[in-house]
Amino acid sequence: MAGERIPVIGTKVTFGRNSENTVVIPSLSVSRFHAEIVLDDTQGYVLRDCGSSNGTLVNGEEVDTRLLAPGDTITIGDQEFGFEVADAMETIMALSLPRSLTHGEDEAAKGPVLRVTIAGGGPVGLSLALLLERFLGAQVAITVYDGRWRKQGRTIVWKDASQGNVRRQQVVTVQSRQYLSLPAEAQARLFDPDHYTEMWPSGPDSIGDHHPRNMRIAYIEDRLLEVANEKRDRIRLVPARFSADEQQDALTGQHVLAICDGGRSHTRETFAAKFGKADESIYSLDDRHLQDVVLGLRVKSRLSDPMAVLLTVGQNRFLLNSLRGEGFLNMRLTDAEAAEVVGIDPVRRVFEECIASRPCVMGRDEHGDFHCSTHSTLFLPAMIRSSSLWKRVGEGLRLFGVEPEDLSAVTSFRLDMVQRPRFTAELLPPTANTPGTYGFLLGDAANAIHFWPGRGLNSGLASAISLARSLNAAWNGKPFRDADFLRHEAAMSMLQYRHKSRAWKAMVTTDDQGVTWAIKDIIAHGIDGIADEPDREADTATLLERLRGIRARLAKRMPGLPDDEAILERLGTLENRTLRMLVLSGAWDTLTMGGEEVDIDIFYGQDSAAAAAAVEALEPAAAH
C-alpha cells in the first residue's frame, strides 16, 4: 500500500478491516467499517468516522467529521494516510507503517515491534499491558479489548450500571509479592493511603515488611486503566469485547494473544482444542464435581480489623474482607440454601435466577428491598420473614458487628475448579506472510481460584508478571517457539498446584476416621442434622479455645487482637445452632494456607533485579 494513490474524485473511499472496504486495513485496532471520505458538493471532501471502536484522528486530533485540507494526516488504527493535491486530483496516500515506527530513526532502530492483543481489560490484562510497555518500550504495540469500557472523549473509561456494567466493589487482598512487581508508576497511582488498608498480617507471600493490602477491585481497575490511557502510543484500548471469530484474519498479524477475559472466557473456548481439555475429576468427591455457592453481602462492620481477622480465620462459614470496615461479608452456603438464592419479578410474579447465574448485584432500594436494576427483580429470601436463609444471614451480621441498616447489597457467585493441562499454545503457525501467533491463558481464564483464601487476583497478577518477563526475554523479532516459554509454563503449573491445592483444602475437611467431607455438607449437618439441642456452654468454650490458639499465633504480627472478654461478647450475640455450626465448620487450615509460596522470581533472575530496583525507587510512596 505504501506510495499508492487512491483517487477520491466523485466517489466514496471507505476504510476498515472488512474486505468490502476500498482500503482494507488488517489490524485489530481497526473496526470492520471504520471511516469514510465522501465528496460534499458545497464543502469539499469530508472525513467521517463510522462509529469505530478506536477512533479516527486528523493531525493527531480525534474527530467525528472533518473537512479535509491538503497536507492533513489521517490516522486509522496503526496506519497513517496523507491527504494531498496532486495533478489537480485530491488523493489519499497510504504511508502504511505503524505510527510506532514513524516516530523517528531512534525508535525504529530499537528493533522489531512485538504485536500483542489482550482479550480482557481487568486488572490482569491491564497489568500485563503496563508491564510489557515498561519492559519493551518502543518495541511493543499492544491492543487491549474489553466490552465493559466506553469512550469518553479520547479517554477510555469503565461503563457504569446504567450502561450495563455493575462495578465490582469487592475488597481483595493484594500480596506484596505481586504488587511490588508492577511498574513503579502503577504502584504510585494505586497506593493512595486513603484507598487501601493493611488489614492482614505479613505472611509467606510478603516481601520484607511489606504487608498485604486490602483494596477494592473497582479502584484497582480505575487506576490501572488511568495509567494505560496515558500510554496511547504503545497501548491501544478498544471498548469492545474481543471476538476471535470476527477478528480471525487480523489475528494472523499478531505475535501474542493473551486471554484474560475471565473464568467463562469465550476466547479460551474458541481455542479449547489448542490448550487441551480441562479435568474436573481431581476436584470431585464421590464422582461429583465439588462446587461452592457464596452469598456476598455488602456491609459496613463496626469491628476493628484485628477482631474481624480473628473471627474470619476461626471458622469456615463467613469471611469478611473489608476496607476500613466496608466490604463484603462472604457466606458459604449449603446446597439447600443455594437453592433459595432467587429473585422474584413482582409485576410478572415469576422467579428469576439472575442473582444466582449472572450474577447480579441487588442493592437496597428506598423501600428496604434488595432490587436488581437490570432485571427488575427483588431478592426473595429477604422478603419472606420466615426465610431460614435470611435468619442465618442475620446471624452472620451479628457475628461481625453489622447493623441491619448497614447491609446495602447482596450478590452471589459459584466457585469450582478444574485442572488445566497447559497454559501456552501455538494458535497459528508462522508462514511466509504471517509471524505466527502464540496464545496464553492468564488470570481466571487459566485458574479460577476459590475465594476463601482470596487468591484469585494474586494468582492472576503472578501469571501476568511471568508472561511479561518471558516475552521480554524471548522477543528478538523471530517467530516464537515452545522453548521460549518453558519458564512461564513451569510458573503457571506451580501457581495452579499451589493455589488450587490450598483452595481445595478450603472446600473440604477430613474427619477423625480419615473420611473427606465437603465443608458445606458439614455446615448443613450442623444446621439440620442434629436432633438434640446444642450445648451452648460447650460450644462457646470450644470456639473460645480455638480463637485463643489463633490469637497466640497472630499476636507477634498483628497488634490489637481482642481479649477473651471481647470474644465472648461477640459469641454471646449468636443463637445456639449458629454456635454449633461454627464449631463444626472448623477453622482455616493455616498449615495449608501458610508455607512456601510460588516465587516467580526464581525463574527470572535478571528480571528480578530490575523489579527490585523499581521497588526501591517506590519505597517512600508505598510506605503509608
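Criteria and thresholds
Residues numbered from 1 in each chain as written. Predicted model: local features only at pLDDT ≥ 70, side-chain atom pairs only at ≥ 80, totals over all residues. Heavy atoms only, no water. Helix = DSSP H or I, 4+ residues; strand = E, 2+ residues; numbered from the N terminus. Buried < 20%, exposed > 50% of the residue type's maximum accessible area, 1.4 Å probe, protein only. Contact = heavy atoms within 4.5 Å. Areas by Shrake-Rupley, 256 points an atom, 1.4 Å probe, with all protein chains shown as cover. Arc of directions from axis to C-beta. pLDDT = per-residue confidence, 0-100. Core = buried A, V, L, I, M, F, W, Y, C linked by side-chain atoms within 4.5 Å. Pairing = 2+ DSSP bridges. Right-handed = clockwise from strand over helix to strand, strands pointing away. Axes fitted to C-alpha atoms, helices over the stretch in contact; angles between N-to-C directions. Phe/Tyr/Trp six-rings, centres within 6.5 Å; stacked < 30°, edge-to-face > 60°. Parallel < 35°, antiparallel > 145°, perpendicular 65-115°, else oblique. Left-handed = near helix turned anticlockwise from the far one by under 90°. Nonpolar A, V, L, I, M, F, W, Y, C, P; charged D, E, K, R; others polar. Polar contact = N/O pair within 3.5 Å; in protein donor to acceptor, adjacent residues only side chain to side chain. Disulfide = S-S within 2.5 Å. Salt bridge = Lys/Arg side-chain N within 4 Å of Asp/Glu carboxyl O.

If you look the protein up in an unreviewed UniProt entry, it shows as FHA domain-containing protein from Streptomyces mangrovisoli.

### Comments concerning the overall build of the protein
Broken down by element type, the protein carries 21 helices and 34 strands. Among the 624 residues that make up the protein, the fraction classed as buried is 55%. Once local pairs closer than 6 in sequence are excluded, the contacts in the protein between residues at least 24 apart make up 70%. Surface summary for the protein: the accessible area is close to 27,000 Å², and the carbon and sulfur share equals 49%.

### Some remarks on helix H16 (residues 519-528)
The set of residues buried in H16 consists of Ile519, Lys520, Ile522, Ile523, Gly526 and Ile527. The buried side chains of H16 occupy one side of the element, clustering within an arc of 160° when seen end-on.

### Some words on helix H19 (residues 576-585)
With seven of 10 residues buried, H19 is to be regarded as a mostly interior element. Along H19, the positions that sit buried rather than exposed are Thr578, Leu579, Arg580, Met581, Leu582, Val583 and Ser585. Looking at the residues trailing H19, positive phi occurs at glycine 586, about 80°.

### Remarks on the confidence of the model for the protein
The predicted structure's coordinates, where accompanied by low pLDDT, should not be read in detail. Of the residues in the protein, 89% reach a pLDDT of 70 or more, and the chain-wide mean stands at 85. With pLDDT under 50 throughout, residues 87-109 is counted as low confidence; its partners more than four residues away or in other chains account for 63 contacts. Segment residues 606-624 is flagged for pLDDT under 50; beyond a separation of four residues in sequence, or across chains, it makes 20 contacts in the model.

### Describing the nonpolar core
The biggest cluster of nonpolar side chains holds 79 residues, and the ones touching the most others in it are Leu114, Ile118, Leu128, Leu132, Ile142, Leu237 and Phe480. A total of nine residues in this core trace back to one element, the largest contributor, which is helix H14 (residues 456-474). Look past the residues within four positions of leucine 237 in its chain and what remains in contact with it is Asn54, Leu126, Val144, Trp149, Ile156, Leu225, Ala228 and Asn229. Grouped together as the second largest cluster of nonpolar side chains are 56 residues, Ala356, Leu544, Leu571 and Leu574 included.

### What to know about the pairing of strand S13 (residues 140-145)
Here S13 lies mainly inside the structure; five of its six residues are buried. The pairing of strand S12 (residues 114-119) with S13 spans six bridges and is classified as parallel. Bridge pairing in S13 places valine 116 opposite isoleucine 142. Once the chain exits S12 it traverses helix H2 (residues 123-136) before rejoining the sheet at S13, and the crossover so formed is right-handed. In this structure, S13 lies alongside strand S18 (residues 235-238), joined through four bridges in parallel fashion. The residue bridging tyrosine 145 from the neighbouring strand is valine 238, located in S18.

### Quick word on the sheet that holds strand S27 (residues 362-364)
The strand order across the open sheet built from nine strands is S23-S24-S22-S30-S27-S28-S29-S25-S26, with neighbouring strands paired in antiparallel fashion. Of all strands in the sheet, those bounded by a partner on one side alone are strand S23 (318-323) and strand S26 (350-352). With direction set aside, neighbouring strand axes in the sheet form an average angle of 30°.

### What to know about the sheet that holds strand S19 (residues 256-259)
Here six strands make up an open sheet; going across it, the order is S18-S13-S12-S19-S32-S31 and the pairing mixed. In this open sheet, the two edge strands, each paired with only one partner strand, are S18 and strand S31 (424-428). Taken pair by pair, the neighbouring strands of this sheet meet at an average axis angle of 20°, ignoring direction. Strand direction decides the pairing type here: S31 and strand S32 (residues 437-441), joined by four bridges, are antiparallel. In the strand pairing of S32, threonine 424 is matched with phenylalanine 440. Lying over the sheet, H2 contacts S12, S13, S18 and S19, oriented at roughly 170° with respect to S13.

### Considering the packing of aromatic side chains
Scanning the model with the defined rule gives 16 aromatic pairs in all. Pairing tyrosine 145 with phenylalanine 242 gives two aromatic rings, centres 5.5 Å apart and planes at 65°, and the pair type is edge-to-face. With tyrosine 145 in strand S13 and phenylalanine 242 in the loop between S18 and helix H6 (248-251), the pair connects residues that are 97 residues apart, well separated along the chain. Side by side, tyrosine 145 and phenylalanine 242 carry an identical accessibility label, which is buried.

### So, the packing of helix H17 (residues 536-554) against H19
Contact geometry of H17 with H19 gives a least axis separation of 9 Å together with a crossing angle of 40°. Judged on the interaxial angle alone, H19 and H17 are oblique. Both H17 and H19 take part in a crossing whose hand is left-handed. Residues Arg536, Asp539, Thr540, Thr542, Leu543 and Arg546 of H17 form the contact with H19, whose participating residues are Asn576, Leu579, Arg580, Leu582 and Val583. Of the residues contributing to the contact of H17 with H19, the split by class is four nonpolar, three polar and four charged.

### Some remarks on the environment of arginine 317
Within the element layout of this structure, arginine 317 appears in the loop between helix H9 (305-313) and S23. As for arginine 317 and asparagine 330, which are separated by 13 residues in sequence, their C-alpha atoms are 8.3 Å apart. Separated by 2.8 Å, the side chain of arginine 317 and the backbone oxygen of arginine 332 make a polar contact.

### Focus on the packing of H2 against H14
The packing of two helices is summarised by the inter-axis angle and the distance between the axes. The contact between H2 and H14 brings their axes to 9 Å, and the two run at 25°. By the angle class used here, H2 and H14 are roughly parallel. In this structure, the crossing between H2 and H14 has a hand that is right-handed. Between H2 and H14, the contacting residues are Pro123, Val124, Ser127, Leu128, Leu131, Leu132, Phe135 and Leu136 on the first element and Leu457, Gly460, Leu461, Ser463, Ala464, Ile465, Leu467, Ala468, Arg469, Leu471 and Asn472 on the second. For the contact of H2 with H14, the residue count by class is 14 nonpolar, four polar and one charged.

### Looking at the state of the cysteines
Applying the stated rule across the entire model yields zero disulfides. Of all cysteine sulfurs in the structure, the one in cysteine 372 sits closest to cysteine 354, which takes part in no disulfide; the separation is 4.0 Å.

### Focus on the pattern of salt bridges
Taken as a whole and assessed by the stated rule, the structure comprises 31 salt bridges. A salt bridge links lysine 520 to aspartate 335; the shortest N-O distance between them is 2.9 Å. Here aspartate 335 lies in helix H10 (residues 335-338) and lysine 520 lies in helix H16, a separation of 185 residues in the sequence. Its relative accessible area of 4% is what places lysine 520 among the buried residues. Residue aspartate 484 pairs with arginine 481 through a salt bridge whose shortest N-O separation is 3.1 Å. Owing to a relative accessible area of 52%, arginine 481 belongs among the exposed residues under this scheme. Each of Glu133, Glu185, Lys231, Asp233 and Arg234 takes part in salt bridges that share partners, so that together they form one network.

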